[in-house]
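Understanding the architecture of this molecule
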Amino acid sequence: MNLLNQIPFWKGTRLRIKNPEVSVSFYEKFFAMKNVHVLKDPENKKDVYYLGNIPESEQVEAGSEEGNQFIKSANYTLIELLHDYSVERSDDFFYNNGNVEPVR
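Residues numbered from 1 in each chain as written. Predicted model: local features only at pLDDT ≥ 70, side-chain atom pairs only at ≥ 80, totals over all residues. Heavy atoms only, no water.

A few words now on the overall build of the chain. The number of helices and strands found in the chain is 2 helices and 4 strands. Every one of the 104 residues in the chain was classed for burial, and the buried ones make up 31%. For the chain, contacts bridging at least 24 residues in sequence account for 65% of all contacts bridging at least 6. Counting only carbon and sulfur atoms, one obtains 51% of the accessible surface of the chain, whose full area is about 7700 Å². (Helix = DSSP H or I, 4+ residues; strand = E, 2+ residues; numbered from the N terminus. Buried < 20%, exposed > 50% of the residue type's maximum accessible area, 1.4 Å probe, protein only. Contact = heavy atoms within 4.5 Å. Areas by Shrake-Rupley, 256 points an atom, 1.4 Å probe, with all protein chains shown as cover.)

Attention now goes to helix 2 (residues 65-73). All buried positions along helix 2 are accounted for by Gly67, Asn68, Phe70 and Ile71. What you see down the axis of helix 2 is that its buried residues fit within an arc of 160°, all on one side. What points out from helix 2, more than 90 degrees from its buried face, is the exposed set Glu65, Glu66, Lys72 and Ser73. Among the structural elements, strand 2 (34-41), strand 3 (46-52) and strand 4 (78-84) are those in contact with the buried residues of helix 2. (Arc of directions from axis to C-beta.)

In space, the 4 strands of this open sheet follow the order 1-4-3-2, with mixed pairing throughout. Strands with a single pairing partner mark the edges of an open sheet, and in this sheet they are strand 1 (12-17) and strand 2. Pairwise comparison of adjacent strand axes, ignoring direction, gives a mean angle of 20° for this sheet. Sheet topology note: the strand 2/strand 3 ladder contains 7 bridges and is antiparallel. Looking at the pairing, asparagine 35 lines up with leucine 51 of strand 3. Strands strand 2, strand 3 and strand 4 of the sheet are contacted by helix 2, whose axis makes an angle of about 105° with strand 2. (Pairing = 2+ DSSP bridges. Axes fitted to C-alpha atoms, helices over the stretch in contact; angles between N-to-C directions.)

Within this structure, the stated rule accounts for 4 aromatic pairs. Both rings, one in phenylalanine 26 and one in phenylalanine 30, keep their centres 5.2 Å apart while their planes meet at 50°; by these two values the pair is tilted. Highlighted residues: phenylalanine 26 and phenylalanine 30, both in helix 1 (residues 20-31), separated by 4 residues, approximately one helical turn. Judged by relative accessible area, phenylalanine 26 falls into the partly exposed class, the value being 38%. An aromatic cluster is present here, built from Phe26, Tyr27, Phe30 and Phe31 joined pairwise through their rings. (Phe/Tyr/Trp six-rings, centres within 6.5 Å; stacked < 30°, edge-to-face > 60°.)

Next up on the list: the nonpolar core. Core analysis: the biggest nonpolar cluster contains 11 residues, these being Val36, Val48, Tyr50, Ile54, Val60, Phe70, Ile71, Ala74, Tyr76, Leu78 and Leu82. Listed by contribution, the elements that provide at least two residues to this core are strand 3, helix 2 and strand 4. Excluding its chain neighbours within four sequence positions, the residues that come into contact with leucine 78 are Lys11, Gly12, Thr13, Val36, Leu51, Gly52, Ile54 and Ile71. Core analysis: the second largest hydrophobic core is formed by 9 residues, Tyr27, Val38, Tyr49 and Ile79 among them. (Core = buried A, V, L, I, M, F, W, Y, C linked by side-chain atoms within 4.5 Å.)

Turning our attention to the pairing of strand 3. Extensive coverage of strand 3 is indicated by the burial of 6 of its 7 residues. Where strand 2 folds back on strand 3, the antiparallel hairpin that results is connected by 4 residues, among which lysine 45 adopts a positive phi of roughly 60°. Across 7 bridges, the pairing between strand 3 and strand 4 is antiparallel. For valine 48, the partnering residue across the bridge sits in strand 4 and is leucine 82.

And the structure:
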C-alpha cells in the first residue's frame, strides 16, 4: 500500500458526554448523523457511541458485529461519544472547556 497516493481524511474525534440519550439525539437531529455502532463496556463503566454521516446504502445496525467491522474499516469521519457512567450520578459535574479557571 502506497500511503503517498492516498487522500488524507479526518478519521474522527472523541467527545465525553454525560447523557448518551440526549447527546446521540442531538447529533442525529441537528447534524443528520446516524448511530453507526455502540461499544458497551459495563465492566469498566463506560460506553462509546460512534456517529457519522454515512450513505444509506452503507449503513449498518448499531451494536452489531457488522457495525464493529465498519468502524474499523470505513473511510468516513466519525465522532465517538464516550459516556462514563460515574458522571451521570453527579449533578454538579461539568467538563472544563478551557475557557474558565484554572486552565485559562
